[in-house]
Amino acid sequence: MVLVNRLRMVGYRWRGRHSRLRGLLLLLVVLVAIAVPLFRVMLGWDMIAPVRRALLVARAHITFPLLARKDTTQGEKLPPPTSSQVVLGSLHPSSFKLVLFAGPVSPCSLKSLPTYRIVQKAHPNLQMVLVFDSPKSVVKQAARGYENERFVWVSDSGRQYASRLNAYYYPRVYLLDSEWRLVYVQHYRTPSQRALMNSVARLPKEVQ
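Residues numbered from 1 in each chain as written. Predicted model: local features only at pLDDT ≥ 70, side-chain atom pairs only at ≥ 80, totals over all residues. Heavy atoms only, no water.

Brief notes about the environment of valine 86
Assignment of secondary structure puts valine 86 in strand β1 (residues 86-88). Spatially, the C-alpha atoms of valine 86 and leucine 130 are 9.6 Å apart, while their sequence positions differ by 44 residues. Apart from the residues within four sequence positions on either side, valine 86 is in contact with Val152, Trp153 and Val154. (Helix = DSSP H or I, 4+ residues; strand = E, 2+ residues; numbered from the N terminus. Contact = heavy atoms within 4.5 Å.)

Set out below in structure tokens:
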């Protein structure tokens, strides 16, 4: 009888300790669930973001030189966007074309348009073709703020046109003559503003 009582006492103590352990484990899970989001918001995001940027840069250093091998050569004739892709504006057959692959419509992709507006006004025979990786409705909405400009707005939401011209990053600038032959293409190491100036510098006198 004494032995039975002792066994019962041991069982009670074990169940009590087991319950406390389960409670502590549950508390630890709750604290971790709360701490992880707080860590990412208050400190973790700032620590993780540079790491992610470094990984993206490292990947670009590896992949971009390989993709650049597929670039078209100077003087090669490139296709224009299809009529179904043109949202606003019309392509002038006698004009040089500066084609900008701007990526998705966003405040970041639209902030450079005032500079392109200045270049467009300074060179009437140079036509700006803005290619966005967004649906037609989104591109049309963005174009409403530039209705008086001579821009050609193109929707390339499936990136078919970008793939044909090997626009593997954005923004990327192409300068084409009136026959859609390549005059200049932006190198991935060249900043966008410099690429724009390089394009303008390669315009013939009659276009300048």
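Now that the structure has been shown, the text picks up again.
Section: the layout of surface pockets
Counted as a void, the second largest pocket has a volume near 220 Å³. As for the second largest pocket, its lining consists of 13 residues, of which Cys108, Ser109, Ser112, Pro171 and Ser192 are closest to the centre. Broken down by secondary-structure element, the contributors of at least two residues to the lining of the second largest pocket are β2 (96-103), α2 (107-110) and α6 (192-201). Along the lines of polarity and charge, the residues of the lining of the second largest pocket split into seven nonpolar, five polar and one charged. (1 Å grid on protein atoms, 1.4 Å probe; cavity = no way out; pocket = protein on both sides within 12 Å on 5 of 7 lines; lining within 4 Å. Points joined across faces, edges and corners; volume = space filled by probe spheres on them. Nonpolar A, V, L, I, M, F, W, Y, C, P; charged D, E, K, R; others polar.)

What to know about the side chain of glutamine 85
On the secondary structure map, glutamine 85 appears in the loop between α1 (2-68) and β1. Residue glutamine 85 is classed as buried on the basis of its relative accessible area of 12%. For glutamine 85, the contacting residues outside a window of four places in its chain are Lys136, Trp153, Val154, Ser155, Asp156, Gln160 and Tyr161. (Buried < 20%, exposed > 50% of the residue type's maximum accessible area, 1.4 Å probe, protein only.)

A look at the side chain of threonine 72
Along the polypeptide, threonine 72 turns up in the loop between α1 and β1. Its relative accessible area of 16% is what places threonine 72 among the buried residues. Not counting the four nearest positions on each side in its chain, threonine 72 is found in contact with Leu78 and Leu182.

Overview of unusual backbone geometry
Along the chain, tyrosine 170 connects to proline 171 via a cis peptide bond; the corresponding omega equals 0 degrees. Secondary-structure assignment places proline 171 in the loop between α5 (160-164) and β5 (172-176). Even without being glycine, asparagine 166 reaches a positive phi, approximately 60 degrees. Within the secondary structure, asparagine 166 is located in the loop between α5 and β5. You can call asparagine 166 buried: its relative accessible area is 11%.

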